[in-house]
Amino acid sequence: MSGDNQYHCPDAKRLQTLKDIANKLRIHCIESTNASNSGHPTSCASAAEVMSVLFFQTMHYSIKEPRGASNDRFVLSKGHAAPILYAAWAEAGLFPTSDLLNLRKLSSDLEGHPTPRLNFVDVATGSLGQGLSCAAGMAYTGKYFDKVGYRVYCMIGDGESAEGSIWEAMAFASQYKLDNLVAIFDVNRLGQSEATSLGHKVDVYKARSEAFGWNTYVVDGHDVEALSRAFYDASQVKNKPTCIIAKTYKGRGIVGVEDQDNWHGKALGDKSAAALQVLKDNIANQGPHELTPMAPEVKAPVISVANIKLSEPPKYDQGQQVATRAAYGTALVKLGKNNDRVISLDGDVKNSTFAIKFKDAFPDRFIECFIAEQNLVGVAIGCETRRRTVPFVSTFAAFLSRAYDQIRMAAISQSNVNFCGSHAGISIGEDGPSQMALEDLAMFRTIPGCTVFYPSDAVSTERAVELAANTPGMCFIRTSRPNVPIIYSATEPFKVGQAKVVRQSDSDKVTIIGSCVTLVEAVKAAEELAKSGVNVRIIDPFTIKPIDAETIIANARKTGGRIITVEDHYAEGGIGEAVSGAVSDCRDITVKKLAVREIPRSGKPMELLDRYGISAACIVKAVNQILSV
């Protein structure tokens, strides 16, 4: 381990206090999991000394402002060890330690795994392998956007280090020289059902970490002096993140349980009395400790991420052909001009998503995450914490499915990340089904609180991007590859949950609902039907969630209660099902759904639209069928 003359080893009294706090944390975890008759006391016990040294020797933070912008950050990636996180904050004085006995109760925010319902938690964890990406996003924000010295610490379980997302994050942090980031691997040897694949082979962990470009130390994770020194040394390293491989024992200090199988996720029950007595006997000072958190050393800048507007209105000519993906890039640049906290993250497809426009305009606010979508999403979540940035994540919509777990966890994290998925549907053409997002609307519609935009031209795309920047919760913007005509004027107002009637007459017989490429096909179909005297109404929903039920129902009733939905998406979970749900209580309305109903194949876009039943000709046929009933 590297040395430094400025390091001052804690004196014997302070070291003993840190040991005492570690054992107090163990006691809290045993008592709280016993009170709830569930939880993970053994996973907490292995981390006790690390938590003691972090919270009472290393980190700078304010108890009065747990999510203060200037504080050091801590992410518990091994979220099942939540009781020790709660215990550390209680011992630091944030709330009474007696509250810990409410663990996992419906009336308490001390849930089984951490969520931001608690004012000291930035991101929800518990779905393993995700914390380090979020921590890397926090560290990136600190180093490159806030440009101040707060540090980010992330505790990782050895079991969860089998997740590939951990190593995506390791590569990212090294690539961007995040020297303000420290990962602590709690190598306690035991997983849930058996020993981990590497057990206590700390040399292998060290080699892997170093191979990913991290400054790495191996320490006894139960030695408070060694941990104090390791965290200090990490603070002196420049241009590299630090990984501390802490060799620990699961259930440390618990008589008859330490380093034993089959104790994962179990309260100690009748073994708790003996364990608690031993732990109490090992505490030199039974009274309150005198250690208090160190105040933040620097002040993060005061910023605003409210009321973000386009720098100028959309500028297109009626009838001009523009891909919505291109308009997305244009809109991002306009937002970036008006607020320097708008950032863009992309997965090595920026020249296809058109996020490259933002990179060209604001290279210092563009983060290339390469082909690692799980980390891409996790980093964005981390960047957005404490409302320090407004992130827009872009890649092919199909590839966001790889990061679905991160996306659903982002909702639990109360995140405001915005997603743009391009190249949606069979309209991308020859690339084939692996590239065609046909389930993305369904995926994002299931996310609680997520707003789902599906703009139909460049004007509505720019407004969708602007609205997303100001809409609480996550947003998804679906963009397409083909050029489509401009149908809206630059002054057209758009609102979340408000549909547009783009074609109507007093004699309409059917309401057709489609978006983007299928809206174009619907207009073609309307023109063809009009030749035979059949008029139809066309609605652009703009947002698929929330869906504008009021507009849809009112117009459907003016067209005989007949609706046809047409979408470049599978039949499950998309526009058709959103509309069906909106009118489900209306017995006088019928919905016929046109959608892609099998795995498609490569071909030219128009060939595919026709083959899979969503072209203008197919819409004409469907209208004639619904009118013949």
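In this convention, every chain numbers its residues from 1, walking through the sequence in written order. It should be noted that, the model being predicted, local features are given only for residues of pLDDT at least 70 and side-chain atom pairs only at 80 or more, the latter also being counted only at that level, while totals for whole chains, interfaces and linings use all residues. Here the side-chain values reflect all heavy atoms present in the structure, with hydrogen atoms and water set aside.

Caption draft 1: Quick peek at the nonpolar core. What makes a nonpolar core is a set of buried Ala, Val, Leu, Ile, Met, Phe, Trp, Tyr and Cys residues whose side-chain atoms join them at distances within 4.5 Å. Each residue is placed in one exposure class: buried if its accessible area under a 1.4 Å probe, protein chains only, is under 20% of its type's maximum, exposed if it is over 50%, and partly exposed if it falls in between. Grouped together as the largest cluster of nonpolar side chains are 77 residues, with contacts concentrated most on Leu-132, Leu-181, Phe-185 and Phe-419. What counts as a helix is a DSSP run of H or I of at least four residues, what counts as a strand is a run of E of at least two, and both are numbered from the N terminus. Top element by residues in this core is helix H5 (residues 131–146). It accounts for eight residues. Counting 51 residues, the second-largest nonpolar core is a separate cluster that includes Leu-85, Ala-87, Ala-90 and Met-155.

Caption draft 2: Main features of the UniProt feature "domain: Transketolase-like pyrimidine-binding" (unreviewed entry) in the protein. UniProt positions are given in the numbering used here, feature names are shortened, and annotations may be inferred rather than shown by experiment. Taken from the UniProt record, the annotation "domain: Transketolase-like pyrimidine-binding" (unreviewed entry) applies to residues 322–486. With 39% helix and 19% strand, residues 322–486 has its two end C-alpha atoms placed 7 Å apart.

Caption draft 3: Quick look at the sheet that holds strand E15 (residues 508–514). If you trace the five strands from one edge of the open sheet to the other, you get E14-E16-E15-E18-E19, paired in mixed fashion. Whereas interior strands pair on both sides, the edge strands pair on one side only; in this sheet they are strand E14 (500–503) and strand E19 (590–596). Geometrically, the sheet is characterised by an average inter-axis angle of 25° between neighbouring strands, direction not taken into account. Where strand E18 (residues 562–570) and E19 come together, six bridges link them in parallel fashion. Paired with Val-566 across the two strands is Leu-594, which belongs to E19. Strand pairing is assigned whenever DSSP identifies at least 2 bridges connecting the two strands. Interaxial angle, 0 to 180 degrees, is taken between N-to-C directions of lines fitted to C-alpha atoms, where a helix line uses only the stretch in contact.

Caption draft 4: Structural context of the packing of helix H10 (residues 324–338) against helix H16 (residues 458–470). Close contact between H10 and H16 brings their axes to 8 Å; oriented N to C, the two are set at 45°. Relative to H16, the element H10 lies oblique. Between H10 and H16 the crossing geometry is right-handed. Facing Thr-324, Ala-327, Tyr-328, Thr-330, Ala-331, Leu-332, Lys-334 and Leu-335 of H10, the residues of H16 in contact are Ala-458, Thr-461, Glu-462, Val-465, Glu-466 and Ala-469. Any angle that is under 35 degrees is reported as roughly parallel, and any over 145 degrees as roughly antiparallel; angles of 65 to 115 degrees are reported as roughly perpendicular and all others as oblique. Crossing handedness is read from the near helix: turned anticlockwise from the far helix by less than a right angle, it gives a left-handed crossing, and turned clockwise, a right-handed one. Whether two residues are in contact is decided by their heavy atoms: any pair within 4.5 Å suffices.

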